[in-house]
Amino acid sequence: MSEQTVDIAQSPRPMTIRACGRSFMALVLAPQAPIADWLSALDHQVARSSAFLSGKPIILDLGLLDAAAEGLADLQAALRDRHIIPVSIEGGDRTWPALRNWDFPPVLTGGRAHDIAPPDATEAEGTAGEFTLTAGRTLFVETPVRSGQIVTWLEGDIVVAGGVAPGAELIASGSIHVYGPLRGRAIAGVGGNGAARIFARRMFAELLAIDGFYMTAEEIDQQSVGQPAQALLDSDHVLMHPLT
């Protein structure tokens, strides 16, 4: 048997595996009893606007339920029937008999509900010249926000000098000000700021949210569409008022 020598210099090198981090804003669904009524309300919300759950990772929080909640055993299957498969399940107790046959995804660790480190402005898919940060922790976006672009700022307000295209998204812990047409999504008051507001010079929003409470495009008063308007939270409802 002849011996073979291998020239290490000529040997193929193993492929380099690249790993990187990516942050997403997850939507937390917190079912309440009676579960049947909550599912009906969820169906109603989705029917009014498919954008309600579109493109968002879902976390299911069982913290508002107890072991005896009627329909809890079938809740996971009911969500799957609606094509909702949570990336994480929180709250509750896995020893509850109703959860015996549930399939639990791997536990996600390291996430915090409110105290979230804001990304750099460049992580919002803009260039350095498009963003200006003031001493008051307001993020100024100097150019229009393009379709598919997400601008996230969790240390104050976002001010957009231009417009916001359909399919774009603004996410702020404070208020959102758009000095042009707002055609995408605007999510203000992230982290429990119910006093936040959303202002637009021309209101065409696909979805508005303040402190977790939503208003879809179908719910916006037609008299406000295309007009200067502001959205604010009142008794857990997002309301639209004209700007004069």
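Our structure's up above, just so we're on the same page.
Source: prediction; values computed, not measured. (Residues numbered from 1 in each chain as written. Predicted model: local features only at pLDDT ≥ 70, side-chain atom pairs only at ≥ 80, totals over all residues. Heavy atoms only, no water.)

**Student:** Would you take a moment to explain the pairing of strand 8 (residues 169-172) for this structure?
**Tutor:** What you see with strand 8 is no split at all: Glu169 and Ile171 on one side and Leu170 and Ala172 on the other are buried throughout. When strand 6 (residues 150-153) meets strand 8, the two strands line up parallel, connected through four bridges. Opposite Trp153, over in strand 8, you have Ala172 as the bridge partner. Two strands pair when backbone bridges link them, and strand 8 and strand 10 (residues 185-188) are joined in this way by three bridges, in the parallel orientation. Residue pairing across strands places Leu170 opposite Ala186, the latter belonging to strand 10. (Buried < 20%, exposed > 50% of the residue type's maximum accessible area, 1.4 Å probe, protein only. Helix = DSSP H or I, 4+ residues; strand = E, 2+ residues; numbered from the N terminus. Pairing = 2+ DSSP bridges.)

**Student:** Just checking my understanding: could you explain the packing of aromatic side chains for this structure?
**Tutor:** Pairs of aromatic rings are described using the distance from one ring centre to the other and the angle between the two planes. Scanning all chains against the criterion turns up one aromatic pair. Taking the ring centre of Phe204 as reference, the NZ or CZ of Arg183 above it sits at 4.2 Å. (Phe/Tyr/Trp six-rings, centres within 6.5 Å; stacked < 30°, edge-to-face > 60°. Lys NZ or Arg CZ within 6 Å of the ring centre and 35° of its normal.)

**Student:** Can you help me understand the sheet that holds strand 2 (residues 58-61) in this one?
**Tutor:** Hydrogen bonds between backbone atoms are what pair the strands of a sheet, whose relative direction is either parallel or antiparallel. Spatial ordering of the open sheet is given by 1-2-3, a layout of three strands whose pairing is parallel. For this open sheet the edge positions go to strand 1 (27-29) and strand 3 (88-90), each flanked by a neighbour on one side alone. Neighbour-to-neighbour, the strand axes of this sheet turn through a mean angle of 25°, independent of strand direction. Note that strand 1 and strand 2 share three bridges and pair parallel. Looking at the pairing, Leu27 lines up with Ile58 of strand 2. (Axes fitted to C-alpha atoms, helices over the stretch in contact; angles between N-to-C directions.)

**Student:** What should I look at first to understand the environment of Val178 in this one?
**Tutor:** Here Val178 shows up in strand 9 (residues 176-182). The exposure class assigned to Val178 is buried, which follows from its relative accessible area of 2%. Between the C-alpha atom of Val178 and that of Arg201, which follows or precedes it by 23 residues, the distance is 6.4 Å. Ignoring anything within four residues of it in the chain, the contact list for Val178 reads Val160, Gly162, Gly163, Val164, Leu170, Phe199, Ala200 and Arg201. (Contact = heavy atoms within 4.5 Å.)

**Student:** What should I look at first to understand the pairing of strand 13 (residues 213-216) in this one?
**Tutor:** Where a strand is regular, its side chains alternate between the two sheet faces. Relative to strand 13, strand 12 (residues 207-210) runs antiparallel, the two being bridged by four bridges. Across the sheet, residue Ala209 finds its bridge partner in strand 13, namely Tyr214. Between strand 12 and the antiparallel strand that follows it, strand 13, lie two residues; Asp211 among them carries a positive phi value of about 50°.

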